[in-house]
Structure formats: C-alpha cells, structure tokens
Protein chains: 2
Amino acid sequence: MKISRYKHDSETSYALGATLVFELLKNKPELITKIFLRPTEKQGEDITKILQSAEEKQIPVIESAKPFNVLNAKDACLLIAEFKKSSTKLDDNNHLLLVNPSDAGNLGTIMRTAVAFGIKNLAIIPPAVDPYDPKVIRASMGAIFHLNLEIIPDFETYKSRFPNHHRYAFMLNKDAKTLDEAKTSKESPFTLVMGNEAAGLPASYSEDCETIFIPQSDEVDSLNLSIATALALYAFTR
Amino acid sequence: MKISRYKHDSETSYALGATLVFELLKNKPELITKIFLRPTEKQGEDITKILQSAEEKQIPVIESAKPFNVLNAKDACLLIAEFKKSSTKLDDNNHLLLVNPSDAGNLGTIMRTAVAFGIKNLAIIPPAVDPYDPKVIRASMGAIFHLNLEIIPDFETYKSRFPNHHRYAFMLNKDAKTLDEAKTSKESPFTLVMGNEAAGLPASYSEDCETIFIPQSDEVDSLNLSIATALALYAFTR
C-alpha cells in the first residue's frame, strides 16, 4: 500500500475522522477511493455503521496504522477516507468570491459558514491556500462536499463569466456603505468579494464593485477574515 | 537567563511578534518584565521604534536566540515580550460570558471580535482553555490587552455578582427566539452567553437566560464557536 502526505498536485486528498468520512459517504460517495481504519480493539457504533455503509457502496476498507502516522492523525482519529479531488462548476445563484485567502483554518471555517447560510457557490482567485488541503477539509467540517467550488484565474475572467452578478467588495474604506446600509439595498444574484487576511482587497476592486465596510472599533486592527465573511454572509442572507 | 515554555501556572506569559509587543507597550507597558530580541542583521524600522519605546520605559531588552527556540517562534518573529498575567475586574457594562471554551484559536479570535464591537468585559467559566496561553494571545492580535477578563468558578457565582444583567444564551433550540427577533427587543446591560465548541451550553442555562438561536441550514452540524459569537456580538451592538 502506497500512502504519502498530501501534496497540492495530488489527485486525491484525505478526510480525517469519522465525522468527515460520514459526510463524504452521505454526500459524495463516488469520490471515495478507499477508507483506512486504524487497528483498534474498541470500535464504536458510529464506526461500525460507517464500515457497513462503505461495504454496501463497495468501497475498499484497509486496516492499517500507517496512513494515520503518515498523515499525522490524532490518536482519537480511527478513520480516514482517501477521495478524488473534484469540483463542480459554479451556478447562477449567489456567490462568495475569495481573493487570495491564505489560511487553511479560515478557508474551511468560511466554507462551513457559507453552507450554513445557504451560499453554495465558492470562487477562489489565486494565489491561495489549496482548498483540498486536509486542514481545510477538516475546518470545513465536511461543508466542502456541499459546495460548487472553482479556482478562477483572475477577476477579469470572473466578471466576464458572471456579468449579471451584483458585486459587493468588503474593504476597510470609510467612504464605503456600511454593512447595515448595504443589506437593505442588496440586489440579486450577488457576489460577496473578500480579500486576503493581511492585505485585504486591491484598491482596484472598488471600480467594479459596490464597496462595503463593517463598522468596528479603532482598538483592533481589523476583523479576522472568517469573522468578516460570516457577518457578510449572514447579513446578505436574512 | 532562565526561559521555559509557557505553563498554565506560570506567573508570566509571552507575546510573540512585533505587532503584539507593540500593542502591549502601548496599552499595558507596566506588565512587561522583559523583551527578547532575536540576534539579526537586518532590523526594520518598526523594531527600532519598539526598542526605543522599551528603553524609554526602562524595560530590559535581551538579545538572544534561545527564547525563540524554546517558544517555537517562527523565523520571522524577531521580538517576544514576557509579561505578567494580570486581569482586571469586570465592570457593569455589557458582558460576554464563555462557558467552557476549549480552543485557543477560537478564544483569541473571540477576544479580537469582542473588542472590535466594543464589548470590553469577558467572563470565562472553567474548565476552559487558558486565556493567557500564547496561542490565545496571538489569535487575539493583542485584543486581550484591551479587555476586563475574569475566570468565574460557576454560573451561580456569575449570576449573584451581576444580578442586573439581562442574560441571553445561544443554544441550538428551535423554540428559542431568532437572533433577529432578540436583537430588536434586547435590554441592557446584557450578557451574551456561549457554550463549548462541541457540547454547546448545558440545557439548564435556559432556565436563567432568554434563549436565542441563529437560523442555519441543516446541511452543516453547527457554526464554529467564534463565528456564532461574532454574529451575536455584531447583532447586539448595532
């Protein structure tokens, strides 16, 4: 059995832990290539159920400690699913567009929040953290398996593919509308555009988007990206 | 020079990186016991400024690579401040009460968000992650130095100390008011009460609090704690 650490150019990635493996089996079983089971004495009810479901779907289950070591799984992690990376094209509903997101935890948390508020289309403009990195999958709590997800080379390409979307760019620009003002006048379909954790969005985005800022105290530098995105998603989906 | 990894019972903790050291110098210089400087050729303007400020405040600066190794600082981290752990009592303004928060990153992010929305009182009921863990300090981006922070042994003690606060408990309880309903009828001073990442709040909290839920899709299990807390903080401070 060959098992290697996840790399950006791998054709497969890994979902670690029973919760994620269960999500994958429920939503995208066709992507799973195999399931690894940690050799263990005490196998709980949830594990037994997952293994039954895998058997029904004819997914190979391999009992071995090795993948858990190679992938730095925690002791409590008893299952890993290896799955094919596969993205679904964006549809014409509302979008979230992340420009240069760099943190795996943030990206996964943003996926989880987007799905929680019914936004199922995520576009990412590189350079960006790899959305299939197991750390992203983990932080998404499986939400990635509910998303249409595309890496789009640049903003020009995005705009030409989705010319009818109303674009709202979140910037620390005090001339911009506040989030409360913007949400009352929002138009659909919309695209919420968020920049990089440290640098924010390039100033040029204000030319092609309505700009919005989230009022906040001067005592902190800015909000965490996953927090700002969550406030935007919530406000625009009420 | 004695330098050891941070422990829960240490009297001091560490702020890693120029941004945090700068925040500490600006807001709570009296807490700093010493500043460590990584021996380096190229010392930027920000570092020079911080060292000048430390000198003016008569804070000892020690040039040594050792603390950076002991504390697992990244290569780019050139400054570490050692500071006395010291909390300020809660005042009678609005509060955030976290019951059993377990994740350092979440706790720091929540501190950052609370300060961004003007909530300066944070109460924590243990068991909980140590709020002075350097990982929390890091994720707070220095917001911890703007907070009144208390560990309070249990909810009974909290209630008897702050009997006039209106308590709003966030629970996944569909009989509860929605966040949008609750914010329009909110009373001050208020306390927003949030539970543990995995377990949420014990059901008994619904007896002594108005319960609130954040409507979300069934496709995800729940929101991340720092996200749910941010939505609550934002809604209650508009």
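Bear in mind that the values here come from a model prediction, so they are computed numbers and not experimental data. (Residues numbered from 1 in each chain as written. Chains lettered and ligands numbered in written order. Predicted model: local features only at pLDDT ≥ 70, side-chain atom pairs only at ≥ 80, totals over all residues. Heavy atoms only, no water.)

Focus on the relation of the copies chain A and chain B
With an RMSD of 0.0 Å, the operation that places chain A on chain B is a rotation of 180 degrees combined with a shift of 0.0 Å along the axis. Taken together, these values place the two copies in the relation of a two-fold axis. A share of 100% of the interface residues of chain A reappears at the interface of chain B, consistent with the copies meeting face to face through the same patch. (Least-squares fit on C-alpha atoms with pLDDT ≥ 70 in both. Contact = heavy atoms within 4.5 Å.)

Thoughts on the sheet that holds strand β3 (residues 61-63) of chain A
Residues and elements named next belong to chain A. Pairing is mixed in the open sheet, where 4 strands are placed in the order β1-β4-β2-β3. The two strands at the open ends of the sheet, each matched to only one other strand, are β1 (12-16) and β3. Strand-to-strand twist of the sheet, defined as the mean angle between neighbouring strand axes without regard to direction, takes the value 25 degrees. Bridge analysis of strand β2 (residues 32-37) against strand β4 (residues 79-84) gives 5 bridges, and the strand direction is antiparallel. When the bridges of β4 are listed, Ile35 appears paired with Ala81. Contacting β1, β2 and β4, helix α1 (residues 18-27) runs over the sheet at an angle of about 40 degrees to β4. (Pairing = 2+ DSSP bridges. Helix = DSSP H or I, 4+ residues; strand = E, 2+ residues; numbered from the N terminus. Axes fitted to C-alpha atoms, helices over the stretch in contact; angles between N-to-C directions.)

Details of the packing of aromatic side chains
Residue and element names in this part refer to chain A. By the definition in use, this model includes 16 aromatic pairs over all chains. Ring geometry for Phe83 and Phe145: centres 5.3 Å apart, planes at 85 degrees, overall edge-to-face. Here Phe83 is found in strand β4, whereas its partner Phe145 is found in the loop between α5 (134-140) and β7 (148-151), with 62 residues between them in sequence. Across this residue pair, the class does not change: Phe83 and Phe145 are buried. One aromatic cluster in this structure is built from Phe155, Tyr158, Phe162 and Tyr205. (Phe/Tyr/Trp six-rings, centres within 6.5 Å; stacked < 30°, edge-to-face > 60°. Buried < 20%, exposed > 50% of the residue type's maximum accessible area, 1.4 Å probe, protein only.)

A short note on the nonpolar core
Among the nonpolar cores identified, the biggest contains 143 residues, and Leu96, Phe170 and Phe236 of chain A together with Leu96, Phe170 and Phe236 of chain B are the most heavily contacted of them. The residues contacting Phe170 of chain B, other than those within four sequence positions of it, are Leu179, Leu192, Val193, Met194, Leu201, Ile212, Ile214, Ala232 and Phe236 of chain B. (Core = buried A, V, L, I, M, F, W, Y, C linked by side-chain atoms within 4.5 Å.)

With respect to the sheet that holds strand β7 (residues 148-151) of chain B
Across a sheet, strands are paired by hydrogen bonds formed along the backbone, either parallel or antiparallel in direction. All names here are of chain B. Spatially, β7-β6-β5-β10-β8-β11-β9 is the arrangement adopted by the 7 strands of the open sheet, whose pairing is parallel. What marks the edges here is a single partner per strand, and that holds for β7 and β9 (177-178). In terms of strand pairing, strand β8 (residues 166-170) meets strand β11 (residues 210-213) through 3 bridges, oriented parallel. When the sheet's bridge partners are listed, Phe170 is paired in β11 with Ile212. Across the face of the sheet, helix α4 (residues 104-116) comes into contact with β5 (95-99), β6 (121-125) and β7 while running at roughly 170 degrees to β5. Across the sheet, helix α8 (residues 225-236) touches β5, β8, β10 (190-194) and β11, and the angle it forms with β10 is around 165 degrees.

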